[in-house]
Each structure stands twice: as structure tokens, then as C-alpha cells.
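Structural overview
Spelled out from the first residue to the last, the chains are:
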There are 2 protein chains.
Amino acid sequence: MRQLHVELGERSYPIYIGEGLLNEVSSYFATHGISKKSPLMIVTDEKVAPLYLDAVTASLTADGYSVVSAVVASGEQSKSLANLELLVTKALEGGLDRKSAIVALGGGVVGDLAGFAAASYMRGVKFVQIPTTILAHDSSVGGKVAVNHPLAKNIIGAFHQPEFVLYDLATLQSLPEREVKAGLSEVVKHGLIWDNAFVDWCIEHAGDLVAMKPDALGYALYKGCGVKAQVVSQDEKENSLRAILNLGHTIGHALEAVAGYNELLHGEAISIGMIGSAKLGVRYGASQELLRITTLALESCGLPTRIPAHYDTEEIVAAMMHDKKFSEGTVVFVVPTEIGKVEIKPDVPVQWIREIIEELKQEG
Amino acid sequence: MRQLHVELGERSYPIYIGEGLLNEVSSYFATHGISKKSPLMIVTDEKVAPLYLDAVTASLTADGYSVVSAVVASGEQSKSLANLELLVTKALEGGLDRKSAIVALGGGVVGDLAGFAAASYMRGVKFVQIPTTILAHDSSVGGKVAVNHPLAKNIIGAFHQPEFVLYDLATLQSLPEREVKAGLSEVVKHGLIWDNAFVDWCIEHAGDLVAMKPDALGYALYKGCGVKAQVVSQDEKENSLRAILNLGHTIGHALEAVAGYNELLHGEAISIGMIGSAKLGVRYGASQELLRITTLALESCGLPTRIPAHYDTEEIVAAMMHDKKFSEGTVVFVVPTEIGKVEIKPDVPVQWIREIIEELKQEG
Ligand SMILES: NC(=O)c1ccc[n+]([C@@H]2O[C@H](COP(=O)([O-])OP(=O)(O)OC[C@H]3O[C@@H](n4cnc5c(N)ncnc54)[C@H](O)[C@@H]3O)[C@@H](O)[C@H]2O)c1
Ligand SMILES: NC(=O)c1ccc[n+]([C@@H]2O[C@H](COP(=O)([O-])OP(=O)(O)OC[C@H]3O[C@@H](n4cnc5c(N)ncnc54)[C@H](O)[C@@H]3O)[C@@H](O)[C@H]2O)c1
Ligand SMILES: [Zn+2]
Ligand SMILES: [Zn+2]
């Protein structure tokens with residue numbers, strides 16, 4: 001088992017990464033002082049529930065925990081205020097009190113939704129992350145939780161750190177291949193913003209990663225979580241540094257919005273977005289090599305790098321203008337300068353982005 | 001003008017109390033560094049809007065602020081997730097960004113709703129409280145914000161402190177008499193938990209308070225806010241001391257729930273609840289004088305002290321069991337020991353409360 005530490009003063013917590021951790025899940029709850037007197041609520045989705053909910057519940061109840069569960073539909077649409085209300089109903093009916101914990105068992109959707117429920121139920125109860133997707137190596141670390149609004153993604157949320165993150169690599173084996181690839185997008189992102197040697201490693205081991213070889217996967221997720229943990233430790237509330245984690249997300253979120261949150265997976269959308277960011281980097285003077293390596297890393301992982309031709313450029317730009325990374329009317333963008341390094345540019349001309357979106361469509 | 005300070009480290013803020021402050025509202029925004037580059041959103045209700053929205057908007061726009069406003073229905077039902085969604089829609093349409101502020105102009109309903117919107121929009125933007133009811137001397141200080149769920153009041157929320165509280169006493173003159181009395185309930189509460197001389201003062205000046213004499217009102221609200229500020233400074237997140245502010249609220253919230261949040265006003269419900277708490281205090285050994293003075297203070301302010309006979313006792317008890325002040329299955333209760341002093345009892349028998357509810361009905 002590998003272990004990482006997210007340093008946030010009194011909100012610090014560990015990330016446990018290993019094979020088969022789910023079987024001994026209750027011991028982690030006990031170690032972290034989660035009370036057995038107050039009911040827990042496990043939040044999961046309808047695909048994950050049949051696979052892993054029984055195992056988690058069995059381990060917890062065998063150890064004296066009382067457990068309520070809530071199963072939502074699978075997919076981005078579940079990150080809604082309607083589901084927040086549903087979770088609160090279940091929590092109240094299940095008797096959850098201020099010492100209870102809410103547990104996310106699933107991907108980033110379940111993590112973001114359950115996390116916002118934990119942040120707001122009774123103005124905040126304990127939260128535990130049990131990620132079951134590759135993408136969730138990113139979403140489960142750092143405490144950003146949220147639901148969507150019809151006009152914008154992740155716009156209603158909070159910062160609410162988990163007590164611990166328990167990452168059982170064995171659960172990843174049941175992921176559909178498309179989800180595996182989409183998850184690798186954020187792994188590559190963590191290399192692109194922080195660690196160029198790790199980007200090289202990803203290119204070299206892309207085949208093993210897509211094939212879900214346990215050794216490669218374990219190392220990649222350990223590295224990815226490690227970058228995330230370091231960034232978050234330095235800037236929990238995204239006052240400055242943390243914004244680098246949004247590489248590819250400004251265009252990516254806009255693509256998701258235009259696609260109605262179901263045609264493109266989050267990881268696919270930001271893969272395209274990161275190509276866009278690399279193109280922007282080149283416009284600002286970075287070498288063509290930056291774009292070449294970025295494209296190679298993402299393509300090796302089987303990720304899309306082009307915008308489907310039928311997407312409307314102006315619709316994408318309009319969706320971007322609703323995005324929360326625009327502050328005081330200026331367009332903020334995370335721009336790579338070389339592999340492993342990015343900068344926050346506060347004043348990127350919208351016209352440049354419009355042109356890059358066009359390029360991303362035409363080469364498709 | 002009187003001024004108080006809520007000491008909370010980097011989240012500290014002032015409370016300004018005086019006549020006519022609304023006319024110079026923009027100067028307070030400027031003093032507190034609220035950016036003119038990002039739009040503000042004023043949240044108010046349909047009764048307050050025609051009275052004060054124009055004045056506030058005019059002062060702000062004259063000074064270069066750009067202002068969006070959202071008007072919700074008047075009443076407790078407006079503290080809903082549906083209205084949270086509506087406010088976020090308005091905020092997005094109005095172009096609010098991470099440097100924007102959301103401003104509550106109204107009573108506790110608007111304050112709690114707008115505050116939760118400010119806490120969760122983009123994971124938290126600045127918040128300003130401009131209370132316009134007497135009750136809001138309580139709700140506008142301390143950072144508790146929330147919406148209701150059909151099964152429980154204030155169950156979905158956050159701690160989100162305002163940048164400042166601007167309390168213009170002139171706005172209170174338009175309050176209906178019933179709202180005046182209901183608001184005095186929390187004023188009396190602040191005496192009952194903290195300051196027995198202030199309870200005597202309230203009894204002596206109850207006539208002036210109900211008649212809204214400016215001098216008496218100004219002093220009472222200054223004292224009430226002062227007690228609230230001191231308690232919150234010592235325990236922002238309600239780990240211990242802050243729970244004393246819930247005097248009368250366990251029974252009070254249950255009464256509001258049973259009445260469907262519209263028959264009884266919040267202040268009326270907690271007035272009855274405080275009589276119940278005084279009765280409990282007597283059972284635990286306090287003198288009858290405690291019950292007599294509590295009753296006198298509340299009755300002098302024209303507040304109800306009995307439960308309407310048609311309320312079902314078991315329904316009230318059931319509503320209490322959903323209340324968030326029950327931790328780990330035990331019944332927590334704020335119990336007065338003498339005027340100006342209360343204790344938190346973690347283990348009050350539900351049967352005692354049932355008996356007290358019966359008494360409160362029979363004497364009605
Ligand atoms: N909070 C953050 O910091 C953060 C960071 C990145 C992404 N996110 C969010 O994460 C979400 C995307 O996360 P995701 O890709 O994990 O999506 P997801 O939760 O929808 O999971 C993807 C799919 O895989 C299924 N699934 C999950 N685990 C499985 C398993 N072990 N076996 C088989 N199927 C499984 C799910 O049912 C779903 O159909 C987005 O909403 C995004 O906004 C949040
Ligand atoms: N957050 C906290 O710490 C806290 C503390 C106490 C109470 N509360 C909450 O506060 C709410 C009750 O507050 P409230 O009593 O102010 O209710 P409210 O906001 O509903 O206001 C009462 C009524 O007065 C009207 N009104 C407001 N200002 C007016 C004015 N100046 N002139 C004429 N009419 C005016 C309103 O439209 C409403 O009809 C409850 O929801 C309660 O849960 C919160
Ligand atoms: Zn992402
Ligand atoms: Zn109250």
C-alpha cells in the first residue's frame with residue numbers, strides 16, 4: 001500500500017492507495033475516529049452499487065457501524081440540487097446527526113455530490129472519499145465539491161475536505177475502457193502542470209495504463225494524487241496556485257456544456273481543452289515541441305484531441321463566458337510554457353481562443 | 001451611530017447600528033473593499049423591495065457599482081433549494097464572478113437564503129447583511145446561513161460570515177406590529193442566556209420597545225447584537241458555547257414544523273419554547289422565579305407563551321427528533337439555571353419534554 005499526505009493544518013488527511021483496501025474498509029473508519037454511535041450514509045451510483053456497495057456495507061456493519069445508503073443514477077446529470085435534496089431526505093430519514101459521516105463510493109460525480117451534501121447537511125458533517133474511477137484520483141483529493149446548474153457546471157458548491165481518501169485499485173478493473181482513458185486525461189494533466197519526467201513516463205507506459213496493468217496504474221495514480229496534494233496544500237481555496245489544476249478546463253467545461261454534459265466525458269473534454277491550451281502556449285512563444293508532446297501523451301492514452309465538427313464555435317465561446325474562471329470581465333487562462341510548467345494569464349484575448357477553437361474543429 | 005465588532009480572526013467584521021444608514025450605503029461597501037468591477041446582487045423580498053430596494057440601488061449605482069437584484073416571495077417558504085437555484089440563475093445572468101458580493105436586504109429569511117447563495121455560488125463569494133427586521137439583529141450576526149428541507153428547518157446550510165452588517169433602524173418603522181413583537185423574542189433570549197440586568201431593562205422598557213421608540217430600540221438591538229457577537233466570537237462553529245443561542249429553539253423549531261412554517265412566526269414559536277425551557281429549568285431545580293421572570297419578559301413584549309391546543313403533542317415530539325440538535329441519539333437541550341445563565345444538558349428525557357408540551361397546551 002502507498003500513502004500520501006495532504007497537508008492542510010488541522011484539515012490535513014491521508015490518501016491510501018492499494019489493492020483490496022475495500023475488504024478492510026471499517027478499520028480505516030475506526031482509525032480516523034468516525035463514531036459508531038451515529039449512522040453513516042454511503043452515497044453511490046447505480047453502476048457502482050451492485051459491484052461494491054455490499055462489500056463496503058458488510059465490512060462496516062460487521063464492525064458495529066450502522067449504515068444507510070443512497071443510490072443515484074450514473075452520470076453527470078446526478079450532480080444536481082434535486083439529488084442534494086434527495087440525499088438530505090435519506091440522511092434525515094436515516095437519523096444522521098452532526099457526528100455522522102457521509103461516504104462517497106464511486107467516481108467524481110458521486111464524490112462531488114456526496115461531498116456537497118456533507119458540506120451542507122447540518123452545515124457540515126464528516127466526509128470520506130472512496131473513489132472507484134481513475135478520474136477520481138483527481139476529484140477525491142482537495143475538497144472541491146459541487147453540483148451543477150443548468151447554466152454552468154460546478155457552480156454551486158463548497159470547499160469541504162475529506163477525513164481520508166481510500167483508493168482501492170482493484171475496483172478500477174471493472175471500469176469500461178472509455179472511462180479508463182478519460183481518467184488518464186487528468187493523470188496526464190498532473191504531469192503537464194508539474195512534472196515533465198512524469199509526462200515522459202506516461203507516454204512510455206501508456207499501453208500498460210490503458211491495459212490497466214496494476215503496477216503501472218498504481219504508480220500513475222500515486223504520482224497524480226501526489227501532484228494534486230502538493231498543489232492543494234499550498235493553496236486550498238484557489239487564491240492563486242491552485243488555478244493551474246484548471247489546465248484545459250476552460251475550453252473543456254465549455255465543450256461539456258455545449259454537449260449537454262453527456263456526449264463528451266469530462267476527461268475527453270479536457271483532453272481537447274489541453275490541446276487548445278498548448279496551442280495558446282505556442283502563440284505566447286512556447287516551442288512547437290510543447291504541442292507535439294502534449295498531443296502525443298494524450299493520443300497515446302487513446303484520448304480525443306479535436307472538437308467534433310458539428311459543435312458551434314460561438315456556442316462554445318458563450319458557454320466559456322459563463323465559466324467562473326472569468327474574474328472582473330477579463331479572460332483568465334492556464335497556459336503552458338513548457339512541459340511540466342504553466343502560467344496563469346489574466347488577459348487572454350477571447351478572439352485568440354475563438355481562433356483556436358476553430359483550429360481544433362478543422363483538424364478533426 | 002453605534003458600532004460592534006465580531007472577533008473571528010481574519011473573518012472578523014463590524015456591525016453598524018444607526019438611523020438612516022441606508023442613504024449612505026455605498027460608502028460602507030467602498031470602505032470594506034467591495035470591488036466596483038464585479039457586479040453585486042441584492043437579494044430581497046417582495047415586501048421589502050418596494051420600500052427600500054430603490055434607495056440601496058440608487059446609492060450603490062451613483063457610486064459606480066453595478067447592481068443586479070433578485071426579489072423572492074416574503075415568508076419562510078422562500079428559504080428553499082428552488083430559490084437557491086433561482087438566485088444562482090440571476091447571478092449567472094448578471095455576470096457575478098468570484099469577486100462579486102451578494103447582499104441580503106431584508107429579514108432573517110432573506111439573510112439566510114442570500115447567505116447560503118453567497119456561501120455556495122462559485123464555492124463562496126463575499127456577503128453583506130442589511131437587516132430590516134428586529135429578529136434579524138440575531139440572524140444577521142454569526143454567519144449561520146441555510147435553507148429548509150420539507151422535513152427539517154435550516155438543515156442545508158453553511159457557516160459564511162458577512163463582510164459587515166449594516167443595521168438601519170429607520171427601516172424597522174415599517175414593520176407590522178406582529179413582526180416587531182416576534183423580533184423582540186430573540187432580544188429577550190439574548191438577555192435570558194447572558195445578562196440578567198438586560199432582562200430587567202427589557203421588562204421595564206417593553207412598552208417603548210413594542211411602540212418602537214427609537215432610543216429604546218437602538219439600545220435593545222445594540223445589546224442583543226452584542227451578546228450574539230460575544231458568543232459567536234468564542235465558538236464560531238457551534239462546538240460548544242454557541243449552542244446556548246438555541247434556547248427555546250428545540251421546541252420552537254418543532255412547533256414551526258408542525259404548523260407548516262406559516263401559522264407561527266419564528267419569534268413566537270421560540271417564545272413558547274423558552275417558556276418550555278424555563279419549566280425544564282425548574283424541574284432541574286431552578287427557582288419558580290426563573291419561570292415567572294421569563295414569562296413576564298415575554299408577555300410584556302406581547303409574545304405568546306402557550307401552545308395552541310389543537311397541536312398534536314406526538315407530532316411535535318416527532319418533529320423534535322428530526323432536529324439537528326440531537327447528537328448520537330441523546331436529547332440535547334439548553335436549560336436555564338437562573339435568569340442570564342443557561343446550561344447544555346446532553347441527556348434530557350424525551351418524556352419530560354412530552355409532559356412540558358402537554359402543560360404548555362393545557363394552560364393555553
Ligand atoms: N472535485 C474535483 O476536484 C473534481 C476534479 C475533477 C473532476 N471532477 C468531477 O468528476 C466528475 C467526473 O468523474 P468520473 O469520470 O469519475 O465520473 P463518474 O462518477 O460519472 O464515473 C464514470 C462512470 O463510471 C461508472 N463507474 C464508476 N466506478 C466504476 C467502477 N469501479 N466500475 C465500473 N463502472 C464504474 C459510473 O457509474 C459512471 O458511469 C465530473 O463531474 C467532474 O466535474 C471533480
Ligand atoms: N441565521 C441565524 O443565525 C438565524 C437566527 C435567527 C433566526 N433565523 C431565521 O430568520 C428567519 C426569521 O426572520 P424574520 O423574522 O426577519 O423573517 P422574515 O425575513 O420573513 O421577515 C418577516 C416579515 O417582515 C417583512 N419585512 C421585512 N423587513 C420589513 C420592513 N422593514 N418593513 C416591513 N416589512 C418587512 C418580510 O417581508 C416578512 O414578511 C427564520 O427563517 C429563522 O430561521 C436565522
Ligand atoms: Zn477535471
Ligand atoms: Zn432564532
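Parameters and conventions
- Residues numbered from 1 in each chain as written.
- Chains lettered and ligands numbered in written order.
- Predicted model: local features only at pLDDT ≥ 70, side-chain atom pairs only at ≥ 80, totals over all residues.
- Heavy atoms only, no water.
- Donors = N, O, S within 2.8 Å, 3.2 Å for Na, K, Ca; no water.
- Helix = DSSP H or I, 4+ residues; strand = E, 2+ residues; numbered from the N terminus.
- Buried < 20%, exposed > 50% of the residue type's maximum accessible area, 1.4 Å probe, protein only.
- Near = heavy atom within 4 Å.
- Polar contact = N/O pair within 3.5 Å; in protein donor to acceptor, adjacent residues only side chain to side chain.
- Areas by Shrake-Rupley, 256 points an atom, 1.4 Å probe, with all protein chains shown as cover.
- Disulfide = S-S within 2.5 Å.
- UniProt positions renumbered as here; feature names shortened; annotations may be inferred.
- Axes fitted to C-alpha atoms, helices over the stretch in contact; angles between N-to-C directions.
- Parallel < 35°, antiparallel > 145°, perpendicular 65-115°, else oblique.
- Left-handed = near helix turned anticlockwise from the far one by under 90°.
- Contact = heavy atoms within 4.5 Å.
- Nonpolar A, V, L, I, M, F, W, Y, C, P; charged D, E, K, R; others polar.
- Phe/Tyr/Trp six-rings, centres within 6.5 Å; stacked < 30°, edge-to-face > 60°.
- Lys NZ or Arg CZ within 6 Å of the ring centre and 35° of its normal.
- Least-squares fit on C-alpha atoms with pLDDT ≥ 70 in both.
- Domains from an automatic or database assignment.
- Buried area = accessible area lost by both parts, 1.4 Å probe.
- Salt bridge = Lys/Arg side-chain N within 4 Å of Asp/Glu carboxyl O.

All names here are of chain B. The protein atoms donating to the zinc ion (ligand 4) are Glu186 (OE), His249 (NE2) and His266 (NE2), with metal-donor distances spanning 1.9 to 2.1 Å. Here the donor residues for the zinc ion (ligand 4) map to a single chain with the spacing E-x62-H-x16-H. Of this pair, Glu186 sits in helix α6 (residues 177-194) while His249 sits in helix α9 (residues 249-258), and the two are 63 residues apart along the sequence. The exposure class of Glu186 is buried, given its relative accessible area of 1%.

Moving on: the site of ligand 2. Residues and elements named next belong to chain B. By nearness alone, 28 residues border ligand 2, and Asp45, Ser74, Glu76, Thr132 and Thr133 come closest of all. One of the side-chain nitrogen or oxygen atoms of Ser74 is found 2.7 Å away from an oxygen atom of ligand 2. Within the contact set of ligand 2, an oxygen atom lies 2.7 Å away from a side-chain nitrogen or oxygen of Thr133. For ligand 2, whose free accessible area comes to 860 Å², the fraction covered by protein is 93%. Elements with a contribution of two residues or more to the shell around ligand 2: α2 (49-62), α4 (108-120), α5 (136-139), β8 (152-159) and α6. Here the shell around ligand 2 gets three residues from one element, more than from any other, and that element is α4.

Overall, the coordinates contain zero disulfides over all chains when judged by the stated rule. With no disulfide of its own, A:Cys301 lies closest to A:Cys202 among cysteine sulfurs, the gap being 6.3 Å.

Quick look at the UniProt feature "domain: 3-dehydroquinate synthase N-terminal" (unreviewed entry) in chain A now. When the UniProt feature table is mapped to this numbering, "domain: 3-dehydroquinate synthase N-terminal" (unreviewed entry) covers residues 71-181 of chain A. Taken end to end, residues 71-181 of chain A is 32% helix and 29% strand, and its two terminal C-alpha atoms sit 25 Å from one another.

The subject of this paragraph is the packing of helix α7 (residues 196-210) of chain A against helix α11 (residues 288-300) of chain A. All names here are of chain A. Orientation of α7 relative to α11, taken along the N-to-C sense of each, is 15 degrees, at an axis distance of 8 Å. Taken together, the axis directions place α7 and α11 in an arrangement best described as roughly parallel. Of the two elements, α7 crosses α11, and the hand of that crossing is left-handed. Between α7 and α11, the contacting residues are Val199, Ile203, Ala206 and Val210 on the first element and Ile293, Leu296, Ala297 and Ser300 on the second. Class assignment for the residues of the contact of α7 with α11 results in seven nonpolar, one polar and no charged.

Counted by the stated rule, this structure contains 19 aromatic pairs over all chains. When the ring of A:Phe198 is compared with that of A:Trp201, the centres are 5.9 Å apart and the planes differ by 20 degrees; the resulting orientation is stacked. A residue pair is termed a helical-turn pair when its members lie 3 or 4 positions apart in one helix, as A:Phe198 and A:Trp201 do in helix α7 at three residues. In this structure A:Trp201 comes out as buried when scored by relative accessible area, which is 17%. When the ring of A:Trp201 is compared with that of A:Tyr219, the centres are 4.8 Å apart and the planes differ by 55 degrees; the resulting orientation is tilted. Of this pair, A:Trp201 sits in helix α7 while A:Tyr219 sits in helix α8 (residues 214-234), and the two are 18 residues apart along the sequence. Following the ring pairs from residue to residue traces out a cluster consisting of A:Tyr16, A:Tyr28, A:Phe29, A:Tyr65 and A:Phe164. The ring centre of A:Tyr222 lies 5.3 Å from the NZ or CZ of A:Arg2, which sits over that ring. Above the plane of the ring of B:Trp352 lies B:Arg283, whose end atom (NZ or CZ) is 5.5 Å from the centre.

Before going further, it helps to spend a moment on the environment of A:Ala118. All names here are of chain A. Within the element layout of this structure, Ala118 appears in helix α4 (residues 108-120). For Ala118, a relative accessible area of 0% corresponds to the buried category. Separated by 44 residues in the primary sequence, Ala118 and Pro162 have C-alpha atoms spaced 9.3 Å apart.

We now examine the relation of the copies chain A and chain B. Of the two same-sequence chains, chain A is brought onto chain B (RMSD 0.0 Å, axial shift 0.0 Å) by a rotation of 180 degrees. What the superposition gives is, in effect, a two-fold axis relating one chain to the other. Proximity to the rotation axis, assessed at the C-alpha, singles out A:Leu81 in chain A; its C-alpha lies 3.5 Å from the axis. When the interface residues of chain A are mapped onto chain B, 100% of them again lie at the interface, so the same face is used by both copies.

For the rest of this paragraph, the subject is the site of ligand 1. Residue and element names in this part refer to chain A. What surrounds ligand 1 is a group of 28 residues, the closest being Asp45, Ser74, Glu76, Thr133 and Ser174. Side-chain polar atom of Thr132 to a nitrogen atom of ligand 1: 2.7 Å apart, as the coordinates give it. Here a nitrogen atom of ligand 1 sits 2.8 Å away from a polar atom, N or O, in the main chain of Lys144. Calculation on ligand 1 without its partners gives an accessible area of 870 Å², and the protein chains cover 93% of this total. Elements supplying a minimum of two residues to the shell around ligand 1: α2 (49-62), α4, α5 (136-139), β8 (152-159) and α6 (177-194). For the shell around ligand 1, the element with the most residues is α4, which contributes three residues. Partitioned by chemical class, the residues of the shell around ligand 1 number seven nonpolar, 10 polar and 11 charged.

Residue and element names in this part refer to chain A. Distances from the zinc ion (ligand 3) to its protein donors, Glu186 (OE), His249 (NE2) and His266 (NE2), fall within 1.9 to 2.1 Å. Positions of the donor residues of the zinc ion (ligand 3), expressed as sequence spacing, correspond to E-x62-H-x16-H. Of this pair, Glu186 sits in helix α6 while His266 sits in helix α10 (residues 266-283), placing them 80 residues apart in sequence.

Glancing now at the domain arrangement of chain A. All names here are of chain A. In terms of domain boundaries, chain A breaks down into domain 1 (2-174) and domain 2 (193-362). Taken residue by residue, the interface counts 32 residues in domain 1 and 28 residues in domain 2. A combined buried area of about 2800 Å² lies between domain 1 and domain 2, and 64% of that area is made up of carbon and sulfur atoms. Considering only the surface of domain 1 that becomes buried against domain 2, Arg2, Lys153 and Phe159 emerge as the three largest contributors, covering 20% of it. Counting every contact that joins domain 1 to domain 2 gives four salt bridges. As a salt-bridge pair, Glu238 and Lys144 come within 2.4 Å of each other at their nearest N and O atoms.

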